[in-house]
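Listed below are the residues making up each chain.
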Amino acid sequence: MIASHNPHTDPIAQLEDEDLFRPRSPAMIQMEEEALAQRVKESETLHIYQDFIDSMSECNMADDFEAWCALHALPYTVHLDEVDKVLHDHVDTQKFFTMMTDLVEKHGINQISRVGESAQRIGNEETEGYHTCYLLKDGVEALDSVDGRMRIQKRRGRWYLVEITNNLKNQKYPYMKPQVSDGLQIAHVIKNRMRD
């Protein structure tokens, strides 16, 4: 078969023959290697993040409060659209966990699925990721899905939640039912609120 060499249908026809066989420069090879290494690193980081949020979902479905607490460093922070809360002990953690258990029972939820979308290292021992939490009954959403941004930190070889932000309009934490908003609050907006 003979190539058409029509520049309108054959993009290679726009190149000179010697361009097809020109060796790549060391700089181009290094850029390609660095890009590949970055993709591998991001994939590994997302895998760590997904494992962590899977553990959270397993704790919820098993109603295992002790294991849930073991995933959280103290103190940790929770942010909703207009609420910022620093948790210094597991009293409020218990209230949130009980709320989740009640939602599971009330709505017949038989699967909680947190799906990681992206994650990146923001320090040697810290990762920030984005996920969506689905509350499902027989594979169908029983409540609106909730988006989250979470920071986890590695301490003594284990990962712990240190900060979570959810796209919720609820005016208090814990809440009786999630009221989902359009998007997550921006991190620097939250920092400014926490200073005030």
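For the structure given in this document, a descriptive report is provided here. (Residues numbered from 1 in each chain as written. Predicted model: local features only at pLDDT ≥ 70, side-chain atom pairs only at ≥ 80, totals over all residues. Heavy atoms only, no water.)

### Structural notes on empty space enclosed by the protein
Part 1 of the reasoning: For the coordinates displayed, the defined rule picks out 1 cavity of 30 Å³ or more.
Part 2 of the reasoning: Here the largest cavity defines a volume of roughly 280 Å³.
Part 3 of the reasoning: The element best represented in the lining of the largest cavity is helix 4 (residues 91-106), accounting for 4 residues.
Part 4 of the reasoning: Taken together, the residues of the lining of the largest cavity break down into 16 nonpolar, 4 polar and 1 charged. (1 Å grid on protein atoms, 1.4 Å probe; cavity = no way out; pocket = protein on both sides within 12 Å on 5 of 7 lines; lining within 4 Å. Points joined across faces, edges and corners; volume = space filled by probe spheres on them. Helix = DSSP H or I, 4+ residues; strand = E, 2+ residues; numbered from the N terminus. Nonpolar A, V, L, I, M, F, W, Y, C, P; charged D, E, K, R; others polar.)

### Digging into the pattern of salt bridges
Part 1 of the reasoning: Taken as a whole, this structure holds 5 salt bridges when the rule is applied.
Part 2 of the reasoning: Here Asp92 makes a salt bridge to Lys95, at a shortest N to O gap of 3.5 Å. On the criterion of helical spacing, the pair formed by Asp92 and Lys95 is a turn pair, its members being 3 residues apart in helix 4.
Part 3 of the reasoning: Note on Asp92: relative accessible area 14%, which makes it buried.
Part 4 of the reasoning: The salt bridge partner of Arg151 is Glu126, with a shortest N-O separation of 2.9 Å. On the criterion of sequence distance, the pair formed by Arg151 in strand 6 (residues 146-155) and Glu126 in strand 4 (residues 126-137) is long-range, its members being 25 residues apart. (Salt bridge = Lys/Arg side-chain N within 4 Å of Asp/Glu carboxyl O. Buried < 20%, exposed > 50% of the residue type's maximum accessible area, 1.4 Å probe, protein only.)

### What to know about unusual backbone geometry
Part 1 of the reasoning: Residue Pro75 is reached from Leu74 by a cis peptide bond, and omega for that bond is -10°.
Part 2 of the reasoning: For Pro75, the location among the structural elements is in strand 1 (residues 72-79).
Part 3 of the reasoning: Note the cis peptide between Tyr173 and Pro174, where omega equals 0°.
Part 4 of the reasoning: On the secondary structure map, Pro174 appears in the loop between strand 7 (158-166) and helix 5 (187-195).
Part 5 of the reasoning: Phi at Asp63 takes a positive value of approximately 55°, unusual for a residue other than glycine.
Part 6 of the reasoning: Here Asp63 shows up in the loop between helix 2 (26-62) and helix 3 (65-69).
Part 7 of the reasoning: Accessibility expressed as a relative area gives 45% for Asp63, which makes it partly exposed.
Part 8 of the reasoning: In this structure, Asp138 takes a positive phi of about 55° despite not being glycine.
Part 9 of the reasoning: Mapped onto the fold, Asp138 is located in the loop between strand 4 and strand 5 (140-141).

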